[in-house]
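Residue strings, one per chain:
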Amino acid sequence: MPYGSCGAQGTSAAVEAFGACPEQNRWPRNRRGVQAAGMATGFGGEVATYYARHRRGYPPEVLDALAAVFRLGGDDTVVDLGCGTAQLSLPLAARVGAVIGIDPEPDMLAIARRTALDQGIGNATWVLGSDGDVPALSRLLGRGRVGALTVAVAIHFMDRDTLFEAARPLLRPGGGIAVVTNGETLWTQDAEWSRALRGCLERMLGHPVTARCQTDEDGRRRNREALVRAGYRYEETSVRYDAPLTVDDMVGGVFSAMSAERLPTDQQRERFAAELRDALGGRTEVTESVRVWLQCGVRDEG
């Protein structure tokens, strides 16, 4: 699944199997509100494997846009926060001096590291952590040393206002924050195949499926307003394209969004896949229209 929408857009165990996606359902935190290192998020085990195999990455135009807005080059370091299995981190590594991928799920980072090694990418570093670790990262790297901090399909786990303010000392002038929304959730799109997927998913779960995980205009509004409140100059762009989407990737995208303890049994997963194929009239592949949103906050010089 080379690039395009990424299944559930980063939904978590707290989504309660796609019923809703409340903003307070962030990564597990300690009593001070900080993500505790080593605390799993539910994206481990088979879920991490589904995530790596079935969530799309990004077309070159997205990387071009990020490089242009922040003037990224070979001397820059980029922090990819909530990096998952490195769908954005590794393409970025080819365009900058170094990438630091941060995620609270050890299994995600293990896959990201293994993929980087397999691809011969040596300028990526993997860190167990979350948005709560950004202030410490700033002290570690030094002020004004990072060209961009990216958050791809993970912002709904984070405290935007706290994160955007904490990131300012980390960023060099002209650098900034990019919140990337990689298409719509698979089950909420205005397409026949998406409605079929939602129907099968609702029958499997036994309740309506409404989660959008802030991939809609309301989510983008929250990002925009928070970036402006934090004092960034706001820029927005998007990239559109059509891409093939297989039934296997629909199924894998759904299961990549469930916590490991909520995954259906093997038999239930097989039954869901068979029902979806029947609902699609035996088709094994459809065309998905994807729109990747890039919401950027630039730290102006001065």
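Predicted model, so just to flag it, every value in this text is computed and none were measured.

The rules behind the values
Starting from 1, residues in each chain are numbered consecutively following that chain's sequence as written. In view of the model being predicted, local features appear only for residues whose pLDDT reaches at least 70, and side-chain atom pairs are presented and counted only at 80 or more, with totals across whole chains, interfaces and linings using the full set of residues. Water and hydrogen atoms play no part in the side-chain values, which are based on all heavy atoms of the structure. A pair of aromatic rings is counted whenever rings of Phe, Tyr or Trp (Trp by its six-membered ring) have centres within 6.5 Å, and the orientation is called stacked for planes under 30 degrees apart, edge-to-face for over 60 and tilted otherwise. Sitting over a ring, as applied to charges here, requires NZ of Lys or CZ of Arg to be within 6 Å of the ring centre and within 35 degrees of the ring normal. In this description a helix means any DSSP run of H or I spanning at least four residues, a strand means any run of E spanning at least two, and both kinds are numbered starting from the N terminus. Any N or O atom pair separated by 3.5 Å or less is treated as a polar contact, with the protein-specific requirement of one donor-capable and one acceptor-capable atom, and with residues adjacent in sequence counted only for side-chain atom pairs. Throughout, nonpolar core names a set of buried Ala, Val, Leu, Ile, Met, Phe, Trp, Tyr and Cys residues whose side chains join them through atoms within 4.5 Å. For the exposure calls, accessible area comes from a 1.4 Å probe over protein chains only, and a residue counts as buried if that area is under 20% of its type's maximum, exposed if over 50%, partly exposed in between. In what follows, residue pairs with any heavy atoms lying within 4.5 Å of each other are defined as contacts. Strand pairing requires that DSSP identify at least two bridges connecting the strands. For helices, the fitted line uses only the C-alpha atoms of the stretch in contact; every axis is such a line through C-alpha atoms, and the angle between N-to-C directions lies from 0 to 180 degrees. By definition, pLDDT measures how confident the predictor is in each residue, and it falls between 0 and 100.

Chemist: Got a minute to help me understand the packing of aromatic side chains in this structure?
Modeler: Each aromatic ring pair is characterised by the separation of its centres together with the angle its planes make. In this structure the tally under the stated criterion is 4 aromatic pairs. Following the ring pairs from residue to residue traces out a cluster consisting of Phe43, Tyr51 and Phe157. We note Arg168 situated over the ring of Tyr232; from NZ or CZ to the ring centre the distance is 5.0 Å.

Chemist: Explanation requested: the side chain of Glu288 in the structure shown.
Modeler: Locating Glu288 in the fold gives a position in strand β7 (residues 285-298). Side chain to side chain, Glu288 and Arg56 meet in a polar contact 3.4 Å long.

Chemist: Before we go on, may I ask you to explain the nonpolar core in this structure?
Modeler: Across soluble globular proteins, nonpolar side chains show a tendency to be buried alongside one another. In this structure, Tyr58, Phe70, Trp126, Leu149, Phe164, Ile177 and Val292 are the most contacted members of the largest nonpolar core, which totals 90 residues. Residue contacts for Trp126: discarding those within four places in its chain leaves Cys83, Ala86, Ser89, Leu90, Gly101, Leu109, Ala112, Arg113 and Ala116.

Chemist: Could you clarify how one ought to interpret the sheet that holds strand β2 (residues 98-103) in this entry?
Modeler: Within a sheet, adjacent strands bond to each other through the backbone by hydrogen bonds, running parallel or antiparallel. Spatially, the 7 strands line up as an open sheet ordered β3-β2-β1-β4-β5-β7-β6, and their pairing is mixed. The strands lining the two open edges of the sheet, one partner per strand, are β3 (124-128) and β6 (233-246). Neighbour-to-neighbour, the strand axes of the sheet open up by a mean angle of 20 degrees, direction not taken into account. Where strand β1 (residues 77-81) lies against β2, 5 bridges are found, and the strand directions are parallel. Note that in β2 the partner of Val79 across the bridge is Ile100.

Chemist: How should the confidence of the model for the protein chain be read in this particular structure?
Modeler: For any part of a model where pLDDT is low, the fine detail of the predicted coordinates should not be relied upon. For the protein chain, mean pLDDT is 87; residues scoring 70 or higher make up 85% of the total. Scored below 50 in pLDDT, residues 3-17 makes 73 contacts in the model with residues more than four places away or belonging to other chains. In this model residues 19-39 is a low-confidence stretch, pLDDT under 50, and it forms 51 contacts with partners more than four residues away in sequence or in other chains.

Chemist: Hey, could you run me through unusual backbone geometry in this one?
Modeler: Residues other than glycine predominantly adopt negative phi, and peptide bonds predominantly adopt the trans conformation. A positive phi angle is found at Arg71, which is not glycine, with a value near 50 degrees. As for its position among the elements, Arg71 is in the loop between α2 (60-70) and β1. One non-glycine residue with positive phi stands out, namely Val153, at about 45 degrees. A relative accessible area of 10% places Val153 in the buried class.

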